[in-house]
Amino acid sequence: QKEVEQNSGPLSVPEGAIASLNCTYSDRGSQSFFWYRQYSGKSPELIMFIYSNGDKEDGRFTAQLNKASQYVSLLIRDSQPSDSATYLCASAGGTSYGKLTFGQGTILTVHP
Amino acid sequence: ETGVTQTPRHLVMGMTNKKSLKCEQHLGHNAMYWYKQSAKKPLELMFVYSLEERVENNSVPSRFSPECPNSSHLFLHLHTLQPEDSALYLCASSQGVAGAFDQPQHFGDGTRLSIL
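Residues numbered from 1 in each chain as written. Chains lettered and ligands numbered in written order. Predicted model: local features only at pLDDT ≥ 70, side-chain atom pairs only at ≥ 80, totals over all residues. Heavy atoms only, no water.

**Overview of the sheet that holds strand S3 (residues 19–25) of chain A**
Within a sheet, each strand pairs with its neighbour through backbone hydrogen bonds, oriented either parallel or antiparallel.
All names here are of chain A.
(1) Moving on: In space, the five strands of this open sheet follow the order S1-S3-S8-S7-S6, with antiparallel pairing throughout. At either end of the open sheet lies a strand with only one pairing partner, and these are strand S1 (4–6) and strand S6 (54–58). Within this sheet the neighbouring strands show an average axis-to-axis angle of 20 degrees, counted without direction.
(2) Moving on: Alignment of strand S7 (residues 61–66) against strand S8 (residues 71–76), held across six bridges, turns out to be antiparallel. Of the residues in S8, the one forming a bridge with Ala-63 is Leu-74. (Pairing = 2+ DSSP bridges. Helix = DSSP H or I, 4+ residues; strand = E, 2+ residues; numbered from the N terminus. Axes fitted to C-alpha atoms, helices over the stretch in contact; angles between N-to-C directions.)

This is the structure:
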């Protein structure tokens, strides 16, 4: 059973639109959540992390966490073609103490 | 150099070869990790080291042998690998105690391993 689930996509949005990436997790004890961006052939790059319920904003990125629903999302405003990548959601804490548990990633394509 | 560096970037080896992957972090972190990334599968944690001590071995076959001589360096020794071991191997590091929930992990660019 997968512990972190993401829609693999691909998710396609036009340039300038809001891209919404979603993630659910099964371990209720998970304490923090991370969003990584991975370009093809490159390593994952940390975008944001969140561990309190609610929203956390950083530039064009907003992470949203709802622990009651075991749901975390990433919104990308004013999407750019350079945002095209695979976005990885990961959880930490709970029964997975000592490791990050990753979802399979969502492929995002932003077309001009 | 800054961040997390991995060498080599690409490695092709036969099933009977012995090789090693190297990771070095320049971030002053205390914890280091090895991950395996295969096509269409989530990143899989292999090993975790905290202050040079192995704290997690995630059911990895013995043909993979990690070594952490100090908090800045991490090796993965490879021996008698199988074709299904072909993948991208990523090293990461984090501040504080390994797995601390509020410490994000920073990744190197990985070694692309191909087993013939």
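Read on for the rest.
**Some remarks on the packing of aromatic side chains**
(1) Moving on: Taken as a whole and assessed by the stated rule, the structure comprises ten aromatic pairs over all chains.
(2) Moving on: Look at A:Phe102 and B:Tyr35: their rings are 5.7 Å apart centre to centre, the planes differ by 90 degrees, and that puts the pair in the edge-to-face class. Residue A:Phe102 is located in strand S10 (residues 100–102), and its partner B:Tyr35 is located in strand S4 (residues 31–37); the two belong to separate chains. Each member of the pair, A:Phe102 together with B:Tyr35, is buried.
(3) Moving on: A connected cluster of aromatic rings, assembled from ring pairs, spans A:Tyr36, A:Phe102, B:Tyr33, B:Tyr35 and B:Phe107.
(4) Moving on: Residue placement shows A:Lys56 over the ring face of A:Phe49; its charged tip is 4.2 Å from the ring centre.
(5) Moving on: Of note, A:Arg60 hangs over the ring of A:Phe61, and the distance from its end group to the ring centre comes to 5.5 Å. (Phe/Tyr/Trp six-rings, centres within 6.5 Å; stacked < 30°, edge-to-face > 60°. Buried < 20%, exposed > 50% of the residue type's maximum accessible area, 1.4 Å probe, protein only. Lys NZ or Arg CZ within 6 Å of the ring centre and 35° of its normal.)

Note that all results are geometric; they support no functional claim without further evidence.
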